[in-house]
Amino acid sequence: MSQDSTTVPETSRKLSGRRRREIVAVLLFSGGPIFESSIPLSVFGIDRQDAGVPRYRLLVCAGEDVPLRTTGGLELTAPYGLEALSRAGTVVVPAWRSITQPPPTAALDALRRAHEEGARIVGLCTGAFVLAAAGLLDGRPATTHWMYAPTLAKRYPSVHVDPRELFVDDGDILTSAGTAAGIDLCLHIVRTDHGADAAGALARRLVVPPRRSGGQERYLDRSLPEEIGADPLAEVVAWALEHLHEQFDVEALAARAYMSRRTFDRRFRSLTGSAPLQWLITQRVLQAQRLLETSDYSVDEVAGRCGFRSPVALRGHFRRQLGSSPAAYRAAYRARRPQGGAADRMDRPDRPERLERGDRLERAELGEQRPGEHSMPLRRPGAPLTHPAHPHHAPHPHGGADPGKPESDAYAPRLPEQATGRTPGRPTLPGQRERPVG
């Protein structure tokens, strides 16, 4: 359940009699970052009833019997130990000190017991690794900081890791991405418990937006798990990142690694937690994002420079990963940036305009029609794109501009359904072909 969902799943267990829903226990470990640790302390530990925020009762618990040292060498003293978790209706693990170290066994046992007794368990940022180590994320959707998501997926393959979300609410188990996303999740908990007015009042007091749109995609970079550095695939991955402007597919990467396609898929997924096709698409979209921010290339030119065979393919994948069209993303980025940036040069009158059909369509979506430019009928999201000049053409079920080639597969090679993420049973048009990546 993502942060954009309007419904919240019901918790699957009834809270035991000794636990209270208004009690929130925060589990601290030595070496945890102070920012993530302070988020639940501030949200649930301060009385803001004068601002219309219902009061929680906070229990700060030490997760281990050692001095709790945090950022900057500060040493904390927790007033409670693991035994206090038995009274909490919600247990929050703000962060874990190292994704390579196993959490203390006693803390994992306490978390399992709390979950069995109906407590809501929350992991902020790398706290998801503690929940995964306790087995609480098995078979469940979860997220964490995008930089650690591949490692989480590799180490705990039964966890459905989604690095795109700011937070994931799966009823009695909730996880968030890094740092500020912990605030988003804590506000979501307040909204779930006490309604939008209470969450809005708390957001105003904290001077943060009550609900952020989008996910982590805008923050992703080219990072891969540290473990890949010594692997033979590292050279192939580095080559792919340096040649994103060229048109190549996963078969080409497998050939460079001297592996069969099936072996390459398996090795790549074991190292990164992602299928190579999805990783390659994501890297091309990220490159397009950078060019839209820092250059004055048209959308069609950006598509070509990122290895997409057509602007249609770029728009489809860009919208799925970032939630907007390339033109809308560039417009929003310009609005946030000071005037005079590289992207602003696109509006200079001496620049030759490249007004292709796709650019006009996206400007029309933004309400930016230029003098002398004919308007085009717009379609609703998900509606088929019709061709008025050719009424004998039936609307394409995928909404693609080229009959027989759906947007999402404009350059995808043939893959088993589990590798492409394709929904089983999707209709295939006669003569339809799937193009290689790029």
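- As annotated in an unreviewed UniProt entry, the chain is Helix-turn-helix domain-containing protein from Streptomyces milbemycinicus.

Examining the UniProt feature "transmembrane region" (unreviewed entry) in the chain
Right, on to step 1. As recorded in UniProt, the sites labelled "transmembrane region" (unreviewed entry) are residues 23–46.
Right, on to step 2. For residues 23–46, the helix share is 50%, the strand share is 25%, and the end-to-end C-alpha distance is 13 Å.

A look at the packing of helix α10 (residues 276–294) against helix α13 (residues 326–336)
Right, on to step 1. For the pair α10 and α13, interaxial distance at closest approach is 9 Å and the crossing angle is 45 degrees. If you check the angle between α10 and α13, you find them oblique. Of the two possible hands of crossing, α10 and α13 adopt the one that is right-handed. Contacts from Gln289, Leu291, Leu292 and Glu293 of α10 reach α13 at Pro326, Tyr329, Arg330 and Tyr333.
Right, on to step 2. Tallied by class, residues from the contact of α10 with α13 come to 5 nonpolar, 1 polar and 2 charged.

Section: a nonpolar patch on the surface
Right, on to step 1. Among the surface-exposed residues, Ile34, Phe35, Leu74 and Leu76 lie close enough to one another that they form a single nonpolar patch of about 320 Å² accessible area.
Right, on to step 2. Positionally, Phe35 belongs in helix α1 (residues 34–45).
Right, on to step 3. Looking at Phe35, the relative accessible area reads 42%, which means it is partly exposed.

Considering the pairing of strand β2 (residues 57–62)
Right, on to step 1. In the sheet, strand β1 (residues 20–28) pairs with β2 via 6 bridges, with the strands oriented parallel. What sits directly across from Leu27, in β2, is Cys61.
Right, on to step 2. Tracing the backbone out of β1, into α1 and back to the parallel element β2 gives a crossover that is right-handed.

Considerations on the pairing of strand β5 (residues 88–93)
Right, on to step 1. β5 sits mainly inside the fold: 6 of its 6 residues count as buried.
Right, on to step 2. As defined by bridge partners, β1 adjoins β5 across 4 bridges and the pair is classed as parallel. Bridge pairing in β5 places Arg20 opposite Ala88.
Right, on to step 3. Looking at chain direction, β5 and strand β6 (residues 120–123) are connected through 4 bridges and run parallel. In the sheet register, Val91 faces β6, and the bridge partner there is Ile121.

How each quantity is defined
- The numbers attached to residues start from 1 for each chain and follow its sequence in the written order.
- Local features in a predicted model are, by the rule used here, given only for residues with pLDDT of at least 70; side-chain atom pairs are given and counted only at 80 or more, and totals for whole chains, interfaces and linings are based on all residues.
- Processing note: side-chain calculations cover all non-hydrogen atoms of the structure and skip hydrogens and water entirely.
- UniProt positions are given in the numbering used here, feature names are shortened, and annotations may be inferred rather than shown by experiment.
- Secondary structure elements follow DSSP: runs of H or I no shorter than four residues count as helices, runs of E no shorter than two count as strands, and numbering proceeds from the N terminus.
- To get an axis, fit a line to the C-alpha atoms, keeping to the stretch in contact for a helix; angles then go from 0 to 180 degrees between the N-to-C directions.
- Here is the rule for angles: anything less than 35 degrees is roughly parallel, anything more than 145 is roughly antiparallel, 65 through 115 is roughly perpendicular, and the remaining ranges are oblique.
- A crossing counts as left-handed when the near helix is turned anticlockwise from the far one by less than a right angle, and as right-handed when that turn is clockwise.
- Here, residues are in contact when the closest pair of their heavy atoms is within 4.5 Å.
- Throughout, the ten residues Ala, Val, Leu, Ile, Met, Phe, Trp, Tyr, Cys and Pro are labelled nonpolar, Asp, Glu, Lys and Arg are labelled charged, and all others, Gly among them, are labelled polar.
- Here, patches come from residues exposed beyond 30% relative accessible area and free of salt bridges, joined within 9 Å for like charges and within 5 Å for nonpolar side chains (Val, Leu, Ile, Met, Phe, Trp, Tyr).
- Surface exposure here means Shrake-Rupley accessible area, sampled with a 1.4 Å probe, where a residue is shielded only by the protein chains that are shown.
- One speaks of a salt bridge when a side-chain nitrogen belonging to Lys or Arg is within 4 Å of a carboxyl oxygen belonging to Asp or Glu.
- Any residue under 20% of the maximum accessible area for its type is buried, any over 50% is exposed, and the rest in between are partly exposed; the area is computed with a 1.4 Å probe on protein chains only.
- Two strands qualify as a pair provided DSSP detects at least 2 bridges between them.
- A crossover counts as right-handed when, viewed with the strands pointing away from the observer, the path leading from the first strand over the helix to the second turns clockwise.

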